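Single-letter residue listing:
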Amino acid sequence: MYMSIRYERMTSKTDSDIPDLISIFKLPDVARYYAIDYENYFSYVTETPDVFFYKAYEGNTLIGAFHIEKSESTLYLSIVVFPEFQKKGKASEIVEDIKKDIFNFEYNKIEAVINDDNIASLKLFEKQDFGFESKDGGLLTYIYKNK
């Protein structure tokens, strides 16, 4: 059974957690999977319609975040969990909450594009009932269909 994670949608490009998030995105094990333009990224996720950036907390501790882009009834998902909280079921809990639609996205499917060498993410999405859809170079697309 999961412990409860609290979520907070980022709505300002000057959010106080941005320095901590940038420090995580810059870690070598994270940066190799994310190419983020830090000058514009947080403006993009806070000011663009149908783009959502949620911070995930356990208690008052920021443990990760996820980014959703909604197009019609499809959610395009990327997720990051801080290294000290990895391998503790936190990413699984976040994905479960998204699948349960606690954010009221009203979706039909969730799509995640994963580097083929990102074994932890591949295992996460396979465990969460995402099915392999396609491969384009070193990127694998996994899909979850809402029942």
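Below: a short report on this structure. (Residues numbered from 1 in each chain as written. Predicted model: local features only at pLDDT ≥ 70, side-chain atom pairs only at ≥ 80, totals over all residues. Heavy atoms only, no water.)

A few words on the sheet that holds strand S2 (residues 51-58). Spatially, the seven strands line up as an open sheet ordered S1-S2-S3-S4-S5-S7-S6, and their pairing is mixed. Lying at the two open borders of the sheet, with one neighbouring strand each, are strand S1 (6-9) and strand S6 (131-136). The sheet shows a mean angle of 30° between the axes of neighbouring strands, direction not considered. In this structure, strand S4 (residues 74-81) lies alongside strand S5 (residues 109-115), joined through three bridges in parallel fashion. (Pairing = 2+ DSSP bridges. Helix = DSSP H or I, 4+ residues; strand = E, 2+ residues; numbered from the N terminus. Axes fitted to C-alpha atoms, helices over the stretch in contact; angles between N-to-C directions.)

So, about the environment of Thr46. Relative to the assigned elements, Thr46 resides in helix H3 (residues 38-47). A residue is classified by how much of its surface remains accessible, and Thr46, at 16% relative accessible area, is buried. Sequence separation of Thr46 and Leu139 is 93 residues, and the distance between their C-alpha atoms is 26 Å. For Thr46, the residues in contact, after removing those within four places along its chain, are Met10, Thr11, Ser12 and Lys13. A polar atom in the side chain of Thr46 sits 2.7 Å from the backbone oxygen of Phe42. (Buried < 20%, exposed > 50% of the residue type's maximum accessible area, 1.4 Å probe, protein only. Contact = heavy atoms within 4.5 Å. Polar contact = N/O pair within 3.5 Å; in protein donor to acceptor, adjacent residues only side chain to side chain.)

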